[in-house]
Amino acid sequence: MAFFVGDASLGGIKIPIHEILLEHMQSLGFKKIEVVDDAIRRRRLFKERKNLNPKGIEEEHLVILSKES
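Just so we're clear, the structure is a prediction, and the values are computed from it rather than from any experiment.

> Before we go on, may I ask you to explain the nonpolar core in this structure?
Looking at soluble globular proteins, one finds that nonpolar side chains tend to be buried together. By size, the foremost hydrophobic cluster in this structure holds seven residues: F3, V5, L22, M25, F30, V63 and L65. Of all the secondary-structure elements, those providing two or more residues to this core are β1 (2-6), α1 (17-27) and β5 (59-67).

> Honestly, the packing of aromatic side chains in this entry has me stumped. Any pointers?
Aromatic ring pairs are defined here through the distance separating the ring centres and the angle between the ring planes. As enumerated under the stated definition, the model contains zero aromatic pairs in all. For the cation-ring pair, K67 lies above F30, with the distance from its terminal atom to the ring centre recorded as 4.7 Å.

> Explain the confidence of the model for the protein chain here, please?
In low-pLDDT segments, the atomic positions of the prediction should not be examined closely. Scored by pLDDT, the protein chain has a mean of 82; 77% of the residues are at 70 or more. Across the protein chain, element-level confidence peaks in α1 with a mean pLDDT of 94 and bottoms out in strand β2 (residues 8-10) with 78.

> Explain α1 to me, please; I cannot follow it from the model alone.
Residues spaced three or four apart along an α-helix face the same direction, because each turn holds 3.6 residues. Inspection of α1 places H18, L22 and M25 among the buried residues, and these make up the whole buried set. All buried residues of α1 project into a common sector of 65 degrees when viewed along the axis, lining one side. Away from its buried face, by an angle of more than 90 degrees, α1 presents the exposed residues E23 and S27. Those residues of α1 that are buried lie in contact with β1, β4 (30-39) and β5.

> Explain the pairing of β5 here, please?
Every other side chain in a regular strand lies on the same face of the sheet, so the side chains alternate between the two faces. Direction of pairing for β1 relative to β5: antiparallel, over a ladder of five bridges. Along β5, the bridge assignment pairs F3 with V63. The sheet contact formed by β4 and β5 spans nine bridges and is antiparallel. Along β5, the bridge assignment pairs D37 with H61.

> Please clarify how the sheet that holds β5 should be interpreted in this entry.
Through backbone hydrogen bonds, the strands of a sheet pair up, either in parallel or in antiparallel fashion. Spatially, β1-β5-β4 is the arrangement adopted by the three strands of the open sheet, whose pairing is antiparallel. Lying at the two open borders of the sheet, with one neighbouring strand each, are β1 and β4. For this sheet, the mean angle separating the axes of adjacent strands, direction not counted, is 25 degrees.

> What's the story with the side chain of H61 in this structure? I'm lost.
Note on placement: H61 falls in strand β5. With relative accessibility at 3%, the residue H61 sits in the buried group. Excluding residues that lie within four positions of it along the chain, H61 makes contacts with F3, F4, V5, D7, H18, V35, V36 and D37.

Conventions we followed
- Residues numbered from 1 in each chain as written.
- Predicted model: local features only at pLDDT ≥ 70, side-chain atom pairs only at ≥ 80, totals over all residues.
- Heavy atoms only, no water.
- Core = buried A, V, L, I, M, F, W, Y, C linked by side-chain atoms within 4.5 Å.
- Buried < 20%, exposed > 50% of the residue type's maximum accessible area, 1.4 Å probe, protein only.
- Helix = DSSP H or I, 4+ residues; strand = E, 2+ residues; numbered from the N terminus.
- Phe/Tyr/Trp six-rings, centres within 6.5 Å; stacked < 30°, edge-to-face > 60°.
- Lys NZ or Arg CZ within 6 Å of the ring centre and 35° of its normal.
- pLDDT = per-residue confidence, 0-100.
- Arc of directions from axis to C-beta.
- Contact = heavy atoms within 4.5 Å.
- Pairing = 2+ DSSP bridges.
- Axes fitted to C-alpha atoms, helices over the stretch in contact; angles between N-to-C directions.

See below:
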């Protein structure tokens, strides 16, 4: 299994969503193979951002898992 996830921020505090999801998936019997960080260089989803992080998500993570037997 693999999924992309970006770390959101709440009130200017970065939340490591990929680590939270990884911990949850490991509790369900998945094993981490690799986590690849990918910097987002040019992407703008919304104009005139009004949140506390004007840059948005700066990097996303590709989380690669396998089911433990």
